[in-house]
Amino acid sequence: MKTIKDLNIDNKKVLIRCDFNVPLKDGKIGDDTRIVSSLQTINYCLEKNAKVILLSHLGRVKEEADLEKNNLAPVAKRLEELLERPVTFIDETRGEKLEEAINNMKDGDVVLIQNTRYEDLDGKKESKNDEELGKYWASLGDVFINDAFGTIHRAHASNVGIATNLPGNSAFGFLIEKELTALSTLDNPEKPFMVVLGGAKVSDKIGVIENLVTKADKILIGGGMAFTFLKAENYEIGTSLLDEENLEFCKRILKEYGDKIVLPVDVAVTTEYSNDEEYKVRLINEIEYNEMGLDIGPETKEAFANHLKNAKTVLWNGPLGVYEFEKYKKHTDELLQFLVDNDIKTILGGGDIVAAAAAANLKEKVYHASTGGGATLEYLEGKTLPGIEAIK
Ligand code: AMP
């Protein structure tokens, strides 16, 4: 893996593709974790007296009205506070003003370019990796560092476009290095290797199941997606989530790899999708027609813990219940705690399971909590990711 440490960046103009896609409301940043996470790479460049030129997307830009609410200006301000040095914000993605600002940069200066997706207003130039745009941005710097893991599965002008126009002078930043190092342990995981899958839809996890079912010793399935598997085994699932379109897929996986798939033996059911109703614990052959399962049950939790206790590697994607409701987050939290207490090498595969771990104060205690949602899933599906290929 080619990283920032492999390139000579001393006194160079370094373009860094960051992920500053922070939650913004009325121009205020809700959570600055992504900005804070980018500091290591930026500070490393500043220590090398580089001139730092930052690019990032923010939200989606489809029409004029999206411009102001996705303006990167508040990020520049926050970054200035965190870096304790001025950040020159250029409210444009190209043009004279930008070029002049870059030409006037001194060593140790920082420039942030306006949201790369402003270019999407004109024929989706950023998101469709417009050839001329990638070339133009690349022409503004000497070296390119990609540190935006969340978009690594996309071929955009600000990642793939720049990298292909600076061949030999492109590398990954510290954030991507950390993600890829952790995720690559799953290419050859130390065994027993257990996969825990939950979340709402089977359709989101098909690729992951296909890719990992041969590698994993067991796949433990909970969450809403477990009910389509249970239905595939002819259980009454009441009004629980059903992913009808993927019923045949579940049947096939159970037929081919039945010995590897572990399904719930009991579930917490209620009659309304809410935290207010009382719930009952039912064995899976006792679910009534008007009941929906919103969490795994205690016996299932014990069974999952038994499978996990000797694991050397665990990958977990998707919560085992509706963790947003106090009543149905219990087993997800308890199993996360179990993995931490037993010091089991655990990788949380992005998205809601990371949010659940963060809410339970366990995110910092696992081996790795991935920051990428779609990017992580595509990696786990074994797909080739354009942002990685462009730098390789
Ligand atoms: P995902 O994005 O696929 O990881 O799905 C996460 C979502 O799955 C969360 O919003 C959970 O509330 C939801 N979820 C987990 N278990 C269930 C369940 N038994 N029924 C309905 N939704 C669920």
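Residues numbered from 1 in each chain as written. Predicted model: local features only at pLDDT ≥ 70, side-chain atom pairs only at ≥ 80, totals over all residues. Heavy atoms only, no water.

Undergrad: Mind showing me how you'd approach the overall build of the chain here?
TA: Tallying secondary structure elements over the chain gives 15 helices and 17 strands in all. Computed over its C-alpha atoms, the radius of gyration of the chain comes to 23 Å, within 12% of the 21 Å expected for a compact globule of 392 residues. For the chain, the spread of C-alpha atoms along the three principal axes comes to 70 × 45 × 35 Å. In the chain, which comprises 392 residues, the share counted as buried stands at 53%. Looking at the chain alone, contacts between residues at least 24 apart form 72% of all its contacts between residues at least 6 apart. When the accessible surface of the chain is summed, it comes to about 17500 Å², and 44% of that surface belongs to carbon and sulfur atoms. Positive and negative side-chain charges of the chain, numbering 49 and 67 respectively, have mean locations separated by a distance of 3 Å. (Helix = DSSP H or I, 4+ residues; strand = E, 2+ residues; numbered from the N terminus. Rg over C-alpha atoms; globule rule 2.2 N^0.38 Å. Buried < 20%, exposed > 50% of the residue type's maximum accessible area, 1.4 Å probe, protein only. Contact = heavy atoms within 4.5 Å. Areas by Shrake-Rupley, 256 points an atom, 1.4 Å probe, with all protein chains shown as cover. Lys, Arg positive; Asp, Glu negative; His and termini not counted. Charge placed at Lys NZ, Arg CZ, Asp CG, Glu CD.)

Undergrad: I would appreciate a short explanation of the site of the ligand in the present structure.
TA: Around the ligand, the surrounding shell holds 16 residues, and the nearest of these are Ala200, Gly224, Gly293, Gly321 and Glu324. Contacts to the ligand include glycine 224, whose backbone N or O atom sits 3.1 Å from a nitrogen atom. Here a nitrogen atom of the ligand and a backbone polar atom of glycine 321 are 3.5 Å apart. Protein chains bury 83% of the 500 Å² of accessible surface belonging to the ligand in isolation. (Near = heavy atom within 4 Å. Polar contact = N/O pair within 3.5 Å; in protein donor to acceptor, adjacent residues only side chain to side chain.)

Undergrad: Help me understand the nonpolar core in this model?
TA: For soluble globular proteins, the rule of thumb is that nonpolar side chains tend to be buried together. Membership of the largest hydrophobic core comes to 65 residues, with the highest contact counts inside it found for Ile219 and Phe229. Beyond its immediate stretch of four places on either side in the chain, phenylalanine 229 contacts Val202, Ile209, Ile221, Cys250, Ile253, Leu254 and Leu263. (Core = buried A, V, L, I, M, F, W, Y, C linked by side-chain atoms within 4.5 Å.)

Undergrad: Would you mind showing me how to read the sheet that holds strand E11 (residues 261-262) here?
TA: Sheet strands pair via backbone hydrogen bonds, and the direction of the pair is either parallel or antiparallel. Pairing in this open sheet of six strands is parallel, and the strands run E11-E10-E9-E15-E16-E17 from one edge to the other. Unpaired on one side and paired on the other, E11 and strand E17 (368-369) mark the two borders of the sheet. Pairing of strand E15 (residues 313-317) with strand E16 (residues 345-348), which is carried by four bridges, proceeds in the parallel orientation. Considered in E16, the bridge of threonine 313 is made with lysine 345. With respect to the sheet, helix H13 (residues 352-359) is in contact with E15, E16 and E17, its orientation differing from that of E16 by roughly 120 degrees. (Pairing = 2+ DSSP bridges. Axes fitted to C-alpha atoms, helices over the stretch in contact; angles between N-to-C directions.)

Undergrad: In this structure, what is going on with the packing of helix H1 (residues 33-47) against helix H3 (residues 73-83)? I would like to understand it.
TA: Two numbers describe a pair of packed helices, the interaxial angle and the distance between the axes. The geometry of H1 relative to H3 is characterised by a closest axis approach of 11 Å and an angle of 60 degrees between their N-to-C directions. As summarised for this structure, H1 and H3 are arranged oblique, according to the angle between their axes. Relative to H3, H1 is oriented so that their crossing is right-handed. Where H1 abuts H3, its residues Ile35, Val36, Leu39, Ile42, Asn43 and Leu46 lie against Val75, Arg78, Leu79, Leu82 and Leu83. A per-class count over the contact of H1 with H3 returns nine nonpolar, one polar and one charged. (Parallel < 35°, antiparallel > 145°, perpendicular 65-115°, else oblique. Left-handed = near helix turned anticlockwise from the far one by under 90°. Nonpolar A, V, L, I, M, F, W, Y, C, P; charged D, E, K, R; others polar.)

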